[in-house]
Amino acid sequence: MSLTAGIVGLPNVGKSTLFNAITKKNILVANYPFATIDPNVGVVIVPDKRVATLEEMYMPERCIPTVYEFTDIAGLVKGASSGEGLGNKFLSHIREVDAVVEVVRCFEDSNVIHVDGNVDPVRDIEIINVELIMSDLEIVENRLNRIGKKAEMTKDKKELLEIGALRKIKEGLLQNIPVRKIELSIEELDAIKSFNLITLKPMIYVANVSEEDILNGGNEYYKKVCEYAKAENSEVVMICAKIESELAELNDDDKKEFLAELGIEESGMDQLIKKTYSLLGLATFFTVGSDEVKAWTFRKGMKAPECAGIIHTDFERGFIRAEVTSYEDLIKYGSEKEAKENGRVRLEGKEYLMQDGDICYFRFNV
């Protein structure tokens with residue numbers, strides 16, 4: 001399952017530095033707007049101690065953690081929806097992601113240019129959010145102009161449902177309300193799915209602070225971002241992109257030692273990855289054996305056959321049942337054999353809702 005979180009923000013807020021830290025890639029980082037022109041994509045490992053524990057237990061030939069993609073997108077400026085800066089090129093890239101990670105500058109540094117002259121995180125957030133709303137509004141209005149009258153004349157139920165949803169969305173967007181905050185039914189959401197509206201995507205804010213502020217638990221800029229996010233039920237992660245870049249160069253042991261010296265329990269990157277993973281409504285199941293231990297990403301609410309299909313379409317097509325053990329039970333009893341003898345291995349059918357941490361063997365016949 002390929003899922004992508006897009007990193008966005010104004011130029012020079014630390015997006016590319018953050019992306020480097022997440023993916024350990026060396027992309028261009030420069031102190032001028034639009035240093036990043038094409039989107040950079042990197043595969044990110046989701047921190048999960050369970051994978052290492054299962055690897056120790058099974059000693060497989062290979063161990064594959066669960067991953068998803070982060071995309072670093074060129075800096076957005078005021079007027080992008082009407083073509084300023086990289087304009088529609090930026091907006092076309094962001095439409096392709098599943099969630100939006102908005103990096104907000106919360107640090108003072110005279111050596112790093114701010115495109116609007118001074119640091120004001122709420123203003124910066126609103127500049128970006130208004131551009132995203134304007135971009136969505138253009139798509140909605142174009143669609144309404146194209147099929148609105150036709151739908152009313154033909155009385156096509158499917159098109160009328162779509163038009164009704166789009167009119168509701170347009171009304172909200174004109175009041176600067178993102179689509180994710182507009183109450184839409186499952187049917188209406190399905191009707192507008194193909195438009196990939198940006199403001200329908202879940203949002204998480206990253207407050208990029210200085211080294212001193214990360215150790216002091218934040219600053220006034222960070223508090224303002226938290227207040228803004230709380231009002232729209234979004235989450236905030238505080239990071240220092242500079243520290244995260246240094247951590248990215250270290251091995252796991254040195255990283256733990258460095259964090260301990262700083263008095264930090266978990267890196268901002270790990271917090272961001274976990275929160276973004278959760279934001280997308282994702283969970284993990286495992287397949288295990290002497291040949292391979294592998295973590296698989298699935299959406300919460302998926303049934304066993306659908307999850308089997310993530311491994312191979314034949315598994316879903318010919319699904320019979322799933323042999324399931326919870327990770328907690330496997331660890332508690334120490335082996336599959338002991339878990340089975342204690343009645344903790346279950347046979348689940350087609351209606352079983354997969355749970356995070358399930359260890360599965362899928363039985364199928366094609």
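Per chain, the residues get numbers from 1 upward, laid out in the order the sequence is written. The model is predicted, so local features are restricted to residues of pLDDT at least 70 and side-chain atom pairs to those at 80 or more, both for listing and for counting; the totals for chains, interfaces and linings are taken over all residues. Side-chain figures throughout are based on the complete set of non-hydrogen atoms in the structure, without hydrogens or water.

1. Let's talk about the nonpolar core
Going by this rule: What is meant by a nonpolar core is a set of buried Ala, Val, Leu, Ile, Met, Phe, Trp, Tyr and Cys residues, joined one to another through side-chain atoms within 4.5 Å. Note on classification: 1.4 Å probe, protein chains only; a residue is buried when its accessible area is under 20% of the maximum for its type, exposed when over 50%, partly exposed between these limits. The criterion used for residue contact is that any of the two residues' heavy atoms lie within 4.5 Å.
Judged by nonpolar contacts, the single largest core of 55 residues is most densely connected at Leu 18, Phe 70 and Leu 272. Excluding residues that lie within four positions of it along the chain, Leu 272 makes contacts with Leu 18, Ile 22, Tyr 68, Phe 70, Val 101, Ile 204, Val 206 and Val 237.

2. Description of the pattern of salt bridges
Basically, it comes down to this: Here, a salt bridge means any side-chain nitrogen of Lys or Arg that lies within 4 Å of a carboxyl oxygen of Asp or Glu. Put simply, DSSP H or I for four residues or longer makes a helix, DSSP E for two residues or longer makes a strand, and each gets a number counted from the N terminus.
Tallied over the entire structure, the rule returns 21 salt bridges. Put simply, Asp 136 and Arg 95 hold a salt bridge, and the shortest N to O gap is 3.0 Å. Remark: Arg 95 occurs in the loop between α3 (87–94) and β5 (99–105) and Asp 136 occurs in helix α4 (residues 121–154); sequence separation between them is 41 residues. Residue Asp 136 is classed as buried on the basis of its relative accessible area, which comes to 0%. Residue classification places Arg 95 among the buried residues on the basis of a relative accessible area of 12%. Between Glu 235 and Lys 275 there is a salt bridge, with the nearest N and O atoms lying 3.2 Å from each other. Of this pair, Glu 235 sits in strand β7 (residues 235–239) while Lys 275 sits in helix α11 (residues 268–279); the two residues are 40 residues apart in sequence, bridging distant segments of the chain. Residues joined by salt bridges that share partners form a network here, namely Asp 48, Arg 50 and Asp 356.

3. Overview of a negative patch on the surface
In plain terms, the rule: To count toward a patch, a residue needs a relative accessible area above 30% and no salt bridge. Like charges then connect within 9 Å, nonpolar side chains (Val, Leu, Ile, Met, Phe, Trp, Tyr) within 5 Å. Note that accessible areas follow from Shrake-Rupley with a 1.4 Å probe, and for residues the cover is restricted to the protein chains shown. Positive charges come from Lys and Arg, negative ones from Asp and Glu, while His and the chain ends are left out of the count. Taken as the charge location is NZ of Lys, CZ of Arg, CG of Asp or CD of Glu.
Taken together, the side chains of Asp 252, Asp 253, Asp 254, Glu 257 and Glu 261 define an acidic patch exposed on the protein surface. For Asp 252, the location among the structural elements is in helix α10 (residues 252–262).

4. Some remarks on the packing of α4 against helix α8 (residues 220–231)
In plain terms, the rule: To obtain each axis, a line is fitted to C-alpha atoms, and for helices this fit is confined to the stretch in contact; angles are then taken between N-to-C directions over 0 to 180 degrees. By the definition adopted for this analysis, an angle is roughly parallel if under 35 degrees, roughly antiparallel if over 145, roughly perpendicular if from 65 to 115, and oblique otherwise. Under this grouping Gly is polar, as are all residues other than the nonpolar Ala, Val, Leu, Ile, Met, Phe, Trp, Tyr, Cys and Pro and the charged Asp, Glu, Lys and Arg.
Across the interface, α4 lies against α8 with an axial gap of 9 Å and an inter-helix angle of 40°. Taken as axis vectors, α4 and α8 run oblique relative to one another. For the pair α4 and α8, the contacting residues are Pro 121, Val 122, Ile 125, Glu 126 and Asn 129 in the first and Tyr 221, Lys 224, Val 225 and Tyr 228 in the second. A class-by-class count of the residues in the contact of α4 with α8 yields six nonpolar, one polar and two charged.

5. A few points about helix α1 (residues 15–23)
Among the nine residues of α1, eight are classified as buried, and the element is accordingly described as predominantly covered. Burial in α1 covers these residues: Lys 15, Ser 16, Leu 18, Phe 19, Asn 20, Ala 21, Ile 22 and Thr 23. Downstream of α1 by one or two residues, Lys 24 has phi in the positive range, about 55°.

6. Description of the packing of aromatic side chains
Filter applied, for reference: Ring pairs are drawn from Phe, Tyr and Trp, using the six-membered ring of Trp, whenever the two centres fall within 6.5 Å, and their geometry is named by plane angle: stacked under 30 degrees, edge-to-face over 60, tilted for the rest. Note on geometry: a ring has a charge over it if NZ (lysine) or CZ (arginine) is within 6 Å of the ring centre and within 35 degrees of the ring normal.
Inspection of the entire model under this criterion finds seven aromatic pairs. Both rings, one in Phe 285 and one in Phe 298, keep their centres 5.9 Å apart while their planes meet at 50°; by these two values the pair is tilted. Of this pair, Phe 285 sits in strand β8 (residues 282–287) while Phe 298 is found in strand β9 (residues 292–299), placing the two residues 13 residues apart along the sequence. Across the pair, Phe 298 and Phe 285 agree in class, each one buried. Ring plane angle 90° and centroid distance 5.9 Å describe the contact between Phe 285 and Phe 362, whose orientation is recorded as edge-to-face. Of this pair, Phe 285 sits in strand β8 while Phe 362 sits in strand β12 (residues 358–364), placing them 77 residues apart in sequence. Both residues of the pair, Phe 285 and Phe 362, count as buried. By way of ring pairs, the aromatic residues Phe 285, Trp 296, Phe 298, Phe 319 and Phe 362 are connected into one cluster. In this structure, Lys 294 packs its charged tip against the face of Trp 296, placed 4.0 Å from the ring centre.

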